[in-house]
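Residue-level structural notes
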Amino acid sequence: MKRNILVVLLFWLLILQACGQNKENQTAKKMGKNFEVKKTEQEWQHCLSPEQYRVLRLKGTERAFTGKFYKHNEKGIYICAGCGNELFKSETKFDSGTGWPSYYDAIPGAVVLETDYSYGMIRTEVLCAKCGGHLGHVFDDGPQPTGLRYCINSVSLDFKKQ
Ligand code: FE
């Protein structure tokens, strides 16, 4: 009897593990295709910090109010920490009060949008158009002239001062 339970438990563990691996492969596959900058997961791990890798490549989120660009107000251009692609101009940055750097517009062609169904929500994910790195999400409660709020992880960004 005990042995049967053990076999069933082992079986479920194997299935769960297989599902997890499958999901990981799908993410890697999706992120690796059709982007100009292509790197293996190993190469990304090598050139990014663990926190950058977690957010950019594994679609993580940095803790609110902790990012280096949340209260950053210099003039310049915010670029992708993964590939250097120019993403947001400082003129479009505004204080959203959310704890993440927010912009009402992206530089034309710099980002691509995808529907994100994770965590039981329907959101629009913002990816770097060059490397596919996860930047954050975009919402439609931003200020004029666009009415958009690009809610971006600081750790996905670097800054070029003007
Ligand atoms: Fe990039």
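Everything below is about the structure printed above this text.
Structure report, in brief. (Residues numbered from 1 in each chain as written. Predicted model: local features only at pLDDT ≥ 70, side-chain atom pairs only at ≥ 80, totals over all residues.)

The complete set of buried residues in helix 3 (residues 50-57) reads Gln-52, Val-55, Leu-56 and Arg-57. The arc that holds every buried residue of helix 3, seen down its axis, measures 165°, which confines them to one face. Positioned one or two residues after helix 3, Lys-59 has a phi angle of 60°, which is positive. (Buried ≥ 20, exposed ≤ 12 C-beta atoms within 10 Å, placed from the backbone. Helix = DSSP H or I, 4+ residues; strand = E, 2+ residues; numbered from the N terminus. Arc of directions from axis to C-beta.)

Both strand 1 (residues 76-80) and strand 9 (residues 157-161) contribute to a ladder of five bridges, which runs antiparallel. Note on strand 9: the bridge partner recorded for Ile-79 is Asp-158. Summarising the sheet, strand 1 and strand 2 (residues 86-89) pair through three bridges and their orientation is antiparallel. Across the sheet, Tyr-78 pairs through a bridge with Phe-88, a residue of strand 2. Taking the residues between adjacent antiparallel strands as the criterion, strand 1 and strand 2 are bridged by five residues, where Gly-84 takes a positive phi near 85°. (Pairing = 2+ DSSP bridges.)

Honestly, that's just the spatial picture; any functional story needs more than this.
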